[in-house]
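As a plain string of letters, each chain reads:
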Amino acid sequence: MHRRRRSALLLTAAIATAAPLLTACGNDAHPGAAAVVGDQRITVSQLENRVDEVREAQRAAVPDDGQYQQVVARSGALTRDTLHGMVLDRVLHSAAADAHVSVSRKEVQAMRGDLEDQAGGAEQLETVWLQQYGVAPGRLDDNLRVQLEAQKLAESLGTDTSRPEFWQALSKASDKLDIDLNPRYGAWDVQKAGRVDSETPWVREVAEAEPSQQTA
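Scope of this entry: the structure provided in the associated data block. (Residues numbered from 1 in each chain as written. Predicted model: local features only at pLDDT ≥ 70, side-chain atom pairs only at ≥ 80, totals over all residues. Heavy atoms only, no water.)

## Examining the overall build of the protein chain
When its secondary structure is counted, the protein chain shows eight helices and seven strands. Classification of the 216 residues of the protein chain by burial places 41% in the buried group. Long-range contacts, defined here as pairs at least 24 residues apart, represent 71% of the contacts in the protein chain between residues at least 6 apart. A total of about 11,500 Å² of accessible surface is found on the protein chain, and carbon and sulfur atoms cover 46% of it. (Helix = DSSP H or I, 4+ residues; strand = E, 2+ residues; numbered from the N terminus. Buried < 20%, exposed > 50% of the residue type's maximum accessible area, 1.4 Å probe, protein only. Contact = heavy atoms within 4.5 Å. Areas by Shrake-Rupley, 256 points an atom, 1.4 Å probe, with all protein chains shown as cover.)

## Some thoughts on the pattern of salt bridges
In total, this model carries nine salt bridges according to the counting rule given. Of the charged contacts in the structure, one is a salt bridge between Asp 141 and Arg 112, with a shortest N-O distance of 2.7 Å. On the criterion of sequence distance, the pair formed by Asp 141 in helix 7 (residues 140-156) and Arg 112 in helix 5 (residues 105-119) is long-range, its members being 29 residues apart. Of the residues examined, Asp 141 reaches a relative accessible area of 23% and is grouped as partly exposed. On the accessibility criterion, Arg 112 (12% relative accessible area) is buried. Here Glu 165 and Arg 163 are joined by a salt bridge, their closest N and O atoms 3.9 Å apart. Judged by its relative accessible area of 37%, Glu 165 is partly exposed. Taken together, the salt bridges that share partners define one network made up of Arg 112, Glu 116, Glu 126 and Asp 141. (Salt bridge = Lys/Arg side-chain N within 4 Å of Asp/Glu carboxyl O.)

## Concerning the packing of aromatic side chains
Per the stated rule, a full pass over the model turns up two aromatic pairs. With a centroid separation of 5.0 Å and 70 degrees between ring planes, the pair formed by Trp 129 and Tyr 133 is classed as edge-to-face. Taken together, the residues Trp 129 and Tyr 133, both in helix 6 (residues 122-133) and four residues apart, mark about one turn of the helix. Plain terms: the ring middles of Phe 166 and Trp 167 are 5.4 Å apart, the flat faces sit at 90 degrees to each other, and that makes the pair edge-to-face. Its guanidinium or amino end placed over the ring of Tyr 68, Arg 59 lies 4.8 Å from that ring's centre, counting from NZ or CZ. (Phe/Tyr/Trp six-rings, centres within 6.5 Å; stacked < 30°, edge-to-face > 60°. Lys NZ or Arg CZ within 6 Å of the ring centre and 35° of its normal.)

## Some details on the environment of Gln 109
Note that Gln 109 resides in helix 5. In this structure the C-alpha to C-alpha distance between Gln 109 and Arg 145, which are 36 residues apart in sequence, comes to 9.2 Å. Only 3.3 Å separates the side chain of Gln 109 from the side chain of Asp 141, close enough to count as a polar contact. (Polar contact = N/O pair within 3.5 Å; in protein donor to acceptor, adjacent residues only side chain to side chain.)

## Some thoughts on the nonpolar core
In this structure, Leu 83, Val 87, Val 91, Leu 170 and Ile 179 are the most contacted members of the largest nonpolar core, which totals 32 residues. Elements supplying a minimum of two residues to this core: strand 2 (33-37), helix 2 (44-61), helix 4 (78-98), helix 7 and helix 8 (164-177). Per element, the largest residue contribution to this core is eight residues, and it comes from helix 4. Residues Met 111, Trp 129, Leu 144 and Leu 148 belong to the second largest nonpolar core, which totals 10 residues. (Core = buried A, V, L, I, M, F, W, Y, C linked by side-chain atoms within 4.5 Å.)

## Comments concerning unusual backbone geometry
In this model, Asp 178 sits at a positive phi of 50 degrees, which is unusual for a non-glycine residue. Here Asp 178 lies in the loop between helix 8 and strand 4 (180-181). By relative accessible area, which is 61% here, Asp 178 ends up exposed. Within the chain, Ala 193 stands out as a residue other than glycine whose phi angle is a positive 55 degrees. With respect to the helices, strands and loops of the structure, Ala 193 is situated in the loop between strand 5 (187-189) and strand 6 (194-196). Classification of Ala 193 by relative accessible area gives buried; the value is 2%.

## Some remarks on the pairing of strand 2
Extensive coverage of strand 2 is indicated by the burial of five of its five residues. Taken together, the four bridges between strand 2 and strand 3 (residues 40-43) define a ladder with antiparallel strand orientation. Bridging from a neighbouring strand, Ala 35 pairs with Ile 42 of strand 3. Taken together, the two bridges between strand 2 and strand 4 define a ladder with antiparallel strand orientation. The residue bridging Ala 35 from the neighbouring strand is Leu 181, located in strand 4. (Pairing = 2+ DSSP bridges.)

Right, here's the structure in full:
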């Protein structure tokens, strides 16, 4: 189980990136879309809903206004990290499907049970995933499914999630899916299988708008 946990944390950490917020001055190629992955759209509304889920969970966990603002400041890249994760999930699923890899609900529950034992309970595990990885409690099972899918894909390739062979498979899937990010969120680097800052001249850096406070 220790190997599973290390692999899970590695992939989750790889999803989190720190970069300045970008905003575009011009027409989007896909109005209303934060990203297009193959024939699937991730709408700005879907992205915002995911971010709101995390902020609401953070607010519920930290009712003090001052402490909550500190939490928000420490997770200022949440929108970009969330989109990165949403896109990477689809890339991983595509690569896993190509390798005939699947994950059952029973496997997810077994992994969650092991992690809960290590964390000291279900609530403690949810708190860890929220604080360290920006995963809302209601999305924990989905996230663990991604971790298992990554591990099983790596095993099918005779490697692990830290090795170039694994990321090459994600790069291949990224290329096949022809991923297109809204420039305000940067761009998708096929070789790295990850989001990067856009270098488009008409994209300018701005400070991330402070989110509205949620009531406890």
